[in-house]
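Here is how the chains run, residue by residue.
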Amino acid sequence: MSLQLKVFPVLLCLALAVPVSIHAQQALNEKIDTNAEQIEQKVLEWRRDIHQHPELGNQETRTAALIAAHLRSLGMQVQENVAVTGVVGILEGGHPGPIVALRADMDALPVTERNDLPFKSTKTTVYNGQEIGVMHACGHDTHVAILMGVAEVLTSMKEELHGSVKFIFQPAEEGVFEEGIGSWGAKRMVEEGVMKDVDAVFGLHINSQTEVGKIKYRPGPAMAAVDNLKLVVKGRQAHGAYPWSSVDPIVTSAQMVNALQTIISRNVNITENPAIVTIGSIHGGVRQNIIPETVEMLGTIRTYGEQQQQLIHQRINTIATHTAEAAGAKVDITIDKIYPATINDIDLTELMLPSLINVAGEENVIYHDPITGAEDFSYFQQEVPGLFIFLGGMSIGKKPEEVAAHHTPDFFIDEAGLILGVRALSYLTVDYMGLEE
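Let us look at the structure shown here.

About the thresholds
Residues numbered from 1 in each chain as written. Predicted model: local features only at pLDDT ≥ 70, side-chain atom pairs only at ≥ 80, totals over all residues. Heavy atoms only, no water. Phe/Tyr/Trp six-rings, centres within 6.5 Å; stacked < 30°, edge-to-face > 60°. Helix = DSSP H or I, 4+ residues; strand = E, 2+ residues; numbered from the N terminus. Buried < 20%, exposed > 50% of the residue type's maximum accessible area, 1.4 Å probe, protein only. Pairing = 2+ DSSP bridges. Axes fitted to C-alpha atoms, helices over the stretch in contact; angles between N-to-C directions. Contact = heavy atoms within 4.5 Å. Core = buried A, V, L, I, M, F, W, Y, C linked by side-chain atoms within 4.5 Å.

Some points on the packing of aromatic side chains
- A complete count under the given rule lists seven aromatic pairs for this structure.
- Look at Phe202 and Tyr432: their rings are 6.1 Å apart centre to centre, the planes differ by 75 degrees, and that puts the pair in the edge-to-face class. Note that Phe202 is positioned in strand β7 (residues 200-211) and Tyr432 in helix α12 (residues 418-436), a separation of 230 residues in sequence.
- With a centroid separation of 4.9 Å and 35 degrees between ring planes, the pair formed by Phe377 and Phe388 is classed as tilted. In this pair, Phe377 is assigned in the loop between β17 (365-367) and α11 (378-381) and Phe388 in strand β18 (residues 386-394), connecting sequence segments eleven residues apart. Neither residue differs from the other here; Phe377 and Phe388 are each classed as buried.

Quick notes on the sheet that holds strand β14 (residues 294-303)
- With antiparallel pairing, four strands are arranged side by side in an open sheet as β12-β14-β10-β15. In this open sheet, the two strands that pair with only one neighbour each are β12 (276-283) and β15 (330-339). Averaged over all pairs of adjacent strands, the angle between their axes in this sheet comes to 20 degrees, without regard to strand direction.
- Inspection of the sheet shows β12 paired to β14 by seven bridges, in the antiparallel sense. Bridging from a neighbouring strand, Ile279 pairs with Gly299 of β14.
- Sheet strands in contact with helix α7 (residues 249-260) are β10 (225-234), β12, β14 and β15, and its direction is about 10 degrees off that of β14.
- Contacting β10, β12, β14 and β15, helix α9 (residues 306-327) runs over the sheet at an angle of about 165 degrees to β15.

Quick word on the nonpolar core
- Grouped together as the largest cluster of nonpolar side chains are 75 residues, with contacts concentrated most on Leu102, Leu154, Phe167, Phe169 and Phe202.
- Counting residues per element, this core draws most heavily on α12, at twelve residues.
- Apart from residues lying up to four places away in sequence, Phe167 is in contact with Met76, Val87, Val88, Gly89, Leu91, Leu102, Leu147, Val150, Ala151 and Leu154.
- Judged by nonpolar contacts, the second largest core, of 24 residues, contains Ile168, Ala186, Phe380 and Phe388.

Okay, here's the thing in structure tokens:
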């Protein structure tokens, strides 16, 4: 369906159903634009400060303190230490209405930065027994700065808001990199009641391979569910010169890896939804002439629905078990569900599409295909209708294949795209309140 066909029915719905006048809504949006422009330099300074001082999951104490101080300076009710290091601020509007939640993730990654920037991260940590850098290699520093900007913009017009805003600054989206320090961010925030009384939730993710000024969206399944896979193949050790005395877990593992690829090519209907089974790590053996007793394999599974997820889990168990049995070996199979699929509420997405078009221009709002990356924003969407969009962070004129991808040492964001993020989340908030009044 073309973008135009998607938009016109929603615009008609808005014209017929919105109790707040179009002129009043336009005035609010114009005020957002003016206020956002005035604080752009602040947003950039926040981003650079956070980028230079990155913190891993559930260790974001400095970042959290910066956020909490800012929200309190705006007169908000602030709760700290939510889900270990999270911060939640409440902005009460001047009129009754829905509660809109806005979320930004705060954590960095164990990546050593190679960019030559004045605010380059030089922080290091010990991870998996080796010293490595810490870097905002996925853009969470921009997410925090953007949402801090939104908080200031909306506070400046709070008497005109028909509802309240809950600002959620979430830890540990990338996971927990220190044993015993806590669980994954969004799930724990939900468990601690952050989504109580919320009517809708919005979030965004910067993208280094989408041009500045553009917004990508998708109703329905937008990002995959992710599961961790561990296979431990157990055989019988022997001298490498006498393989007939062994039950070789290396050969068995090789056969298993090949067989697992048939799940996607032969069992999954990829015309409906893509799926992925990847083995990313194999470890076994210590010497060239010793057939080891065990081999350990680690992998990732990406799916877009419970039925598809169950099918793939079943096939992994069947293939791994019988491949091992055929070789005379055994296998221990562990599948841990990490994040559910990020599913944008279809009605909410269609309802808010005019807001995205108003803020960025119709030619800059792009419908995207499913993404096999994962996001724990999905836990918030399981509680209330949610919309998660992608914001351009690639310099104009660049090509995606020319720039560094996320989670890499050369990851780079053009800061010119940040102010659109401030405006977009602000538009979504006030427009949703206008629709729901």
